[in-house]
Amino acid sequence: MTMRKALIGLVVLALLAALPFVFPVPYIRHIFILAFIYAVVAANWDLSLGYGGIFNFAHVAFFSIGVYGYGILTKIAGWSPWMALGAGGVLAVCAAVLVAIPVLRLSGIYIILVTFAFAQLVLQLVVSQSGLTGGMMGMVGLPTFQIPGYNLVRDGKLGYYFGALILLVASTGFLRLVVGSRLGLAIRALRDDPDYAAARGISVARQRILTLAASAFFTGVAGAYYAAYLRIASPDAFGVSLLSLLLSILLLGGLASIYGPVVAALGLTFLSETSVDFGPWRHIVIAVVIVAVVRIWPGGLWSALRRIGRRHPS
Amino acid sequence: MLLEVSGLSAGYGGITVLHDLDLRVDAAETVGLFGPNGHGKTTLLKTISGLVPARGGSVRFAGTDITHAKPGRIVDLGLIHVPQGNLLFPDCTVAEALALGAWPGRARAREAANRARVEDLFPRLAERRRQKIHGLSGGERQMLAIGVALMAEPALLILDEPTLGLAPKVRGELAAAITALAAGGLAMLVVEQDLRFLGAVAPRLVLIDRGHVVLEAPSATIDEDAIMTRYFGDAA
Amino acid sequence: MSGDALATIVVSALVLGSLYAIMAVGLAVVWQALGIFNFAHGLFMTLGAYVAWQVASGASWGLWPGIAAAVAASAVVGAIACELLVRPFLGRKDVVLVAVITTLAGATLIENGVLLAWGGRPKQLPPLSTGTVDIFGAALSAHEATIVAITPLILLGVWLFLGRTRTGAALRAVAQNHEAAALMGLPAARLYALAFALAAGLAAIAGIFLGAIRFMSPAMGGDPLLKAMVVVIFGGVARFAGPVAAAYLIGLVEAVSTYAIGLYWTPSVLFLFMIGTLMLRPQGLFGGARR
């Protein structure tokens, strides 16, 4: 990472940390919290989709497993919210390994279909076990984090804001580590030229399992955090609208980019949350935006901006 | 003049392959094109048939300007381009491919008659009517490719390296077929690496080097061996 | 198992299989012609059902005009979807992924459009024919019997179109060698749109079938699409026979599973069945999918 990038990163982080004090409006903080969570989910999806070239459409299920895992563990099994947070990540990783197994030998469209079907299957399972999960109504009144002596909802959810920001920083750091590691190199090699990579001794199966598992951990944690923050767990977490939102974040941010999805998540979450009142039109607008972006900026808006920044020859 | 190419420029992305190229083909004439690989022969053919957009100059066919026309329209006018490599449609049958060749409206009425003529010219195709194309040999696929083009009743037939990868015996059969077509009055533009083959079928040869025409002469006067050696090393 | 129970299972399998076969063939046609998977396919079904409802019940013009209008409307929307959502990206290396994204967006668009136009309250279509029929001890409605009887005819029609007509051959040709097809004057754009229109029309018919059995809602296409996905994973998409055979097979598995284990666990059974098959034969049971 160049000095310039590191400086920009620190500046952005400082800005984000200072933000809630500059704009002490709880609603804006709420949107940012959601945006941070979605950024984590999207950026981790980019690991398997963009860097790994694995058309994993079960990623949203990793998030929902974190959500419902947290809900069931805290409300029904009485676990502490902090442990349930970590458990959300672990459960998601287990799900990822489960998904990875059938996907090992498949390619292209079949991966999409199988992983998508897997996500739908998990949704159906969750909804059908209504005794445990509240069925279509979901679960409400989930216990949330307790820090002795400090109520997180105080100061307009300030605590939650910094919690989400810490989550984002941790996830981003993790992703940078993975992408720069041998695993990261291997999965990119596999994505770009599977035959060559295989000839160099890179095991497709192992890399796929590792990539999916790596992409699942913080996603599950984000899901658990989401449940802890909103204190509900509902089947909407599995919905196509979340899938579409995440996809548009990735599209806008550009695949195979660590910071792109973060920036895009902020913008799109704002757009999405502020247009909630428009009912079906909200989804229609998002859908149109998605198609327009794919046509006009095939590499994502982020990479188009980066190219402008790079125009000066070195 | 049936086909008139004037000052044609074309390329891909940032690269210009054809530079101010002039070429003409008269009715009932067979012209042979040759030259080193990568110097624009296929690009020229694709620009003429509308697959590659022209960046400058013009292409006129039977009096009509087709410089920026779409491939479908060019086919309708009677200019048929048989591309290099003869994969065609692996999962279709020979009969289906020939039927598809008669897609242009004006060719449909005489489809049966044309099919009979194609099968006369290439008896092997008649034997393999119901066979799938992926089961044919290279030579048979090439014959089929030409046959499919003939089904569209071309006024000008463009062939891109018809003998590529084929054994000498099959080359001989193809040469005979092409000569027969020429004798029947069909105008043709043939691109080939094999100068001897080209000399046998085309009375006039054109050498393309680095995107424009550098030599144009009757094939009888060209020293094939010398040119082959100059451009391709020892004559194959 | 009693003879009655067996007959009920078989009947159920045939009805389900018919629905899935029609849906899967549409998916297969698009896959073969364009090389992409259309995630909006379920919404063509939904649209067909709603248009039919509007013409038949809303405007009271009768069911058959409703069917005609539904198939036509769905086909037109299908052609438009192809032109806007798929064709612009056909040259790209990642076209499969992009098409998933854009057809998902298209699906969202149509679903919310239907929601806006007709509201979320469940509706129902009038059945194709009324009354009940008794076959070997199993009672099925005349509507369901019509479905089972008509579907093979529809499938035969599609098969004949693809395999025996010039246009059908052109569709297959354009999918196998785009350049050669262009040089023969085959109109690629129109053929692609035709493939989509055909798929959408078939989905509309499935929607009309389903709309009289179950309640219609904007989200009604979700589950059939999922089942159709399982079918094409199973049966492959490269041949016509594969998806059709797989459709009836999945219908049978679902019928047996629903009888034996119940409705809640059947989706899991189907999924496990699919996974198991894929692990043994990655190209699906009826294989040959070279794309």
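Residues numbered from 1 in each chain as written. Chains lettered and ligands numbered in written order. Predicted model: local features only at pLDDT ≥ 70, side-chain atom pairs only at ≥ 80, totals over all residues.

### Thoughts on the overall build of chain B
Alright, step 1. A tally of regular secondary structure across chain B gives 10 helices and 10 strands.
Alright, step 2. In terms of overall size, chain B behaves like a compact globule, its C-alpha atoms giving a radius of gyration of 17 Å where 236 residues would be expected to give roughly 18 Å.
Alright, step 3. C-alpha atoms of chain B, sized along the principal axes, occupy 45 × 40 × 35 Å.
Alright, step 4. In chain B, which comprises 236 residues, the proportion classed as buried is 44%.
Alright, step 5. In chain B, the share of contacts with a sequence separation of at least 24, taken over all contacts with a separation of at least 6, comes to 67%. (Helix = DSSP H or I, 4+ residues; strand = E, 2+ residues; numbered from the N terminus. Rg over C-alpha atoms; globule rule 2.2 N^0.38 Å. Buried ≥ 20, exposed ≤ 12 C-beta atoms within 10 Å, placed from the backbone. Contact = placed C-beta atoms within 7 Å.)

### With respect to the overall build of chain A
Alright, step 1. Tallying secondary structure elements over chain A gives 14 helices and 0 strands in all.
Alright, step 2. Taken from N to C terminus, the helices and strands of chain A fall in the order α-α-α-α-α-α-α-α-α-α-α-α-α-α.
Alright, step 3. Taken against the 2.2 N^0.38 rule, which gives 20 Å for 314 residues, the C-alpha radius of gyration of chain A at 19 Å falls within 12% of a compact globule.
Alright, step 4. Principal axes of the C-alpha set define a box for chain A whose edges measure 55 × 45 × 40 Å.
Alright, step 5. The burial tally for chain A puts 48% of its 314 residues in the buried class.

### Section: the nonpolar core
Generally speaking, nonpolar side chains in soluble globular proteins are found buried as a group.
Alright, step 1. By size, the foremost hydrophobic cluster in this structure holds 290 residues, and its most contacted members are A:Tyr225, C:Ala24, C:Leu186, C:Ala195 and C:Phe196.
Alright, step 2. With sequence-adjacent residues up to four places away left out, C:Ala195 is seen in contact with C:Val29, C:Val30, C:Ala33, C:Leu34 and C:Leu171. (Core = buried A, V, L, I, M, F, W, Y, C linked by C-beta atoms within 7 Å.)

### What to know about the sheet that holds strand S1 (residues 3-12) of chain B
Within a sheet, adjacent strands bond to each other through the backbone by hydrogen bonds, running parallel or antiparallel.
All names here are of chain B.
Alright, step 1. Reading across from one edge, S2-S1-S4-S5 is the order of the 4 strands in this open sheet, with antiparallel pairing throughout. Two strands close off the open sheet at either side, each with one partner strand: strand S2 (15-25) and strand S5 (64-65).
Alright, step 2. As paired elements, S1 and S2 share 7 bridges and run antiparallel to each other. By the bridge assignment for S2, leucine 3 is matched with valine 25.
Alright, step 3. Packing of helix H1 (residues 41-49) onto the sheet brings it into contact with S1, S2 and strand S4 (54-61), and relative to S2 it is tilted by some 70 degrees. (Pairing = 2+ DSSP bridges. Axes fitted to C-alpha atoms, helices over the stretch in contact; angles between N-to-C directions.)

### Thoughts on the confidence of the model for chain B
Alright, step 1. With 94% of its residues at a pLDDT of 70 or more, chain B shows a mean pLDDT of 87.
Alright, step 2. Confidence scores differ between elements of chain B, with helix H10 (residues 224-232) of chain B showing the lowest mean pLDDT of 65 and strand S6 (residues 79-82) of chain B the highest of 94. (pLDDT = per-residue confidence, 0-100.)

### Thoughts on helix H9 (residues 222-235) of chain C
Each α-helix turn comprises 3.6 residues. Residues three or four places apart therefore point the same way.
Alright, step 1. Taking 1.5 Å per residue as the helical rise, H9(C) with its 14 residues ought to reach 20 Å, and the 20 Å between its terminal C-alpha atoms agrees with that figure.
Alright, step 2. Of all 14 residues making up H9(C), 12 are buried, and the element is well covered by its neighbours.
Alright, step 3. Looking at H9(C), one finds that the buried residues are C:Pro224, C:Leu225, C:Leu226, C:Lys227, C:Ala228, C:Met229, C:Val230, C:Val231, C:Val232, C:Ile233, C:Phe234 and C:Gly235.
Alright, step 4. Looking at the buried residues of H9(C), the elements they touch are helix H5 (109-128) of chain A together with helix H1 (3-34), helix H2 (41-58), helix H8 (188-213), helix H10 (241-260) and helix H11 (266-280) of chain C.
Alright, step 5. A positive phi of about 75 degrees marks C:Gly236, the residue just after H9(C). (Expected span 1.5 Å × (residues − 1).)

### Things to note about the arrangement of the chains
Alright, step 1. Contacts are most numerous between chains A and C, taken over all 2 pairs of chains that touch.
Alright, step 2. With no contact formed, the shortest span from any C-alpha in chain A to any C-alpha in chain B equals 17 Å.

### Focus on unusual backbone geometry
Alright, step 1. Of note, A:Arg231 is a non-glycine position whose phi angle comes to about 65 degrees, a positive value.
Alright, step 2. Secondary-structure assignment places A:Arg231 in the loop between helix H10 (204-230) and helix H11 (240-253).
Alright, step 3. A residue is classified by how many C-beta atoms lie within 10 Å of it, and A:Arg231, with 16 of them, is partly exposed.
Alright, step 4. Unlike most non-glycine residues, B:Glu161 shows phi in positive territory, near 50 degrees.
Alright, step 5. Considering the arrangement of structural elements, one finds B:Glu161 in the loop between strand S7 (156-160) and helix H8 (168-183).
Alright, step 6. Owing to 23 C-beta atoms within 10 Å, B:Glu161 belongs among the buried residues under this scheme.

### Some words on the interface of chain C and chain B
Alright, step 1. In this complex, chain C contributes 15 residues to the contact, which on the side of chain B involves 22 residues.
Alright, step 2. Of all the secondary structure elements, the ones that give two or more residues to the side of chain C that touches chain B are helix H6 (166-176) and helix H7 (178-183) of chain C.
Alright, step 3. Classifying every residue of the side of chain C that touches chain B by side-chain character gives 9 nonpolar, 3 polar and 3 charged. (Nonpolar A, V, L, I, M, F, W, Y, C, P; charged D, E, K, R; others polar.)

### Side note on the packing of helix H3 (residues 63-86) of chain C against helix H4 (residues 95-118) of chain C
If you want to describe how two helices pack, look at the angle between their axes and the distance between the axes.
All names here are of chain C.
Alright, step 1. At a minimum axis distance of 10 Å, the contact between H3 and H4 shows a crossing angle of 135 degrees. Between H3 and H4, the crossing angle belongs to the class labelled oblique. When the axes of H3 and H4 are compared, the crossing they make is right-handed. Residues Ala81, Leu85 and Val86 of H3 pack against Ala99, Thr102, Thr103 and Gly106 of H4.
Alright, step 2. Considering only residue class, the contact of H3 with H4 consists of 4 nonpolar, 3 polar and no charged. (Parallel < 35°, antiparallel > 145°, perpendicular 65-115°, else oblique. Left-handed = near helix turned anticlockwise from the far one by under 90°.)

### Structural notes on the sheet that holds S7(B)
All names here are of chain B.
Alright, step 1. The 6 strands lie next to each other as S6-S7-S8-S3-S9-S10, forming an open sheet whose pairing is mixed. For this open sheet the edge positions go to S6 and strand S10 (212-218), each flanked by a neighbour on one side alone. Direction aside, the axes of adjacent strands within the sheet are offset by 15 degrees on average.
Alright, step 2. As paired strands, S6 and S7 are joined by 4 bridges and run parallel to one another. Within S7, the position partnered with valine 82 by the bridge is leucine 159.
Alright, step 3. Those strands touched by H1 are strand S3 (30-34), S6, S7, strand S8 (187-191) and strand S9 (204-209), and its axis lies near 145 degrees from that of S7.

### Notes on the interface of chain A and chain C
Alright, step 1. Facing the 29 residues of chain A at the interface are 29 residues of chain C.
Alright, step 2. Looking at the side of chain A that touches chain C, the elements that each hand over two or more residues are H5, H11 and helix H13 (280-296) of chain A.
Alright, step 3. Looking at the side of chain A that touches chain C element by element, the count peaks at 12 residues for H5(A).

### Here's the deal with the confidence of the model for chain A
Alright, step 1. Per-residue pLDDT for chain A averages 81, and the proportion of residues at 70 or more is 91%.
Alright, step 2. Looking over chain A, one finds the lowest element-wise mean pLDDT in helix H14 (residues 301-309) of chain A, namely 54, and the highest in helix H3 (residues 59-76) of chain A, namely 90.

### Things to note about helix H12 (residues 260-274) of chain A
Alright, step 1. The end-to-end C-alpha separation of H12(A) is 21 Å, in line with the 21 Å expected for 15 residues at 1.5 Å each.
Alright, step 2. Residues of H12(A) that are buried include every one of A:Gly260, A:Pro261, A:Val262, A:Ala264, A:Ala265, A:Leu268, A:Thr269 and A:Ser272, and no others.

### Structural notes on the environment of C:Leu210
Alright, step 1. Its place among the elements puts C:Leu210 in helix H8.
Alright, step 2. Residues in contact with C:Leu210, not counting those within four places in the same chain, are C:Leu19, C:Ala49, C:Met220 and C:Pro224.

### Overview of the environment of B:Ile208
Residues and elements named next belong to chain B.
Alright, step 1. For isoleucine 208, the location among the structural elements is in strand S9.
Alright, step 2. For the pair isoleucine 208 and glycine 35, spaced 173 residues apart in sequence, the C-alpha separation works out to 5.0 Å.
Alright, step 3. Once residues within four sequence positions are removed from consideration, isoleucine 208 is found in contact with Leu33, Gly35, His39, Gly40, Lys41, Leu44 and Val213.

### Some remarks on the packing of H11(A) against H4(C)
Alright, step 1. H4(C) packs onto H11(A) with a crossing angle of 135 degrees between their chain directions and a minimal axis gap of 11 Å. On the basis of the axis angle, H11(A) is oblique to H4(C). Relative to H4(C), the crossing made by H11(A) is left-handed. Of the residues in H4(C), those touching H11(A) at A:Val240, A:Ser244, A:Leu247 and A:Leu251 are C:Ile101, C:Leu104, C:Ala105 and C:Thr108.
Alright, step 2. Here the residues of the contact of H11(A) with H4(C) sort into 6 nonpolar, 2 polar and no charged.

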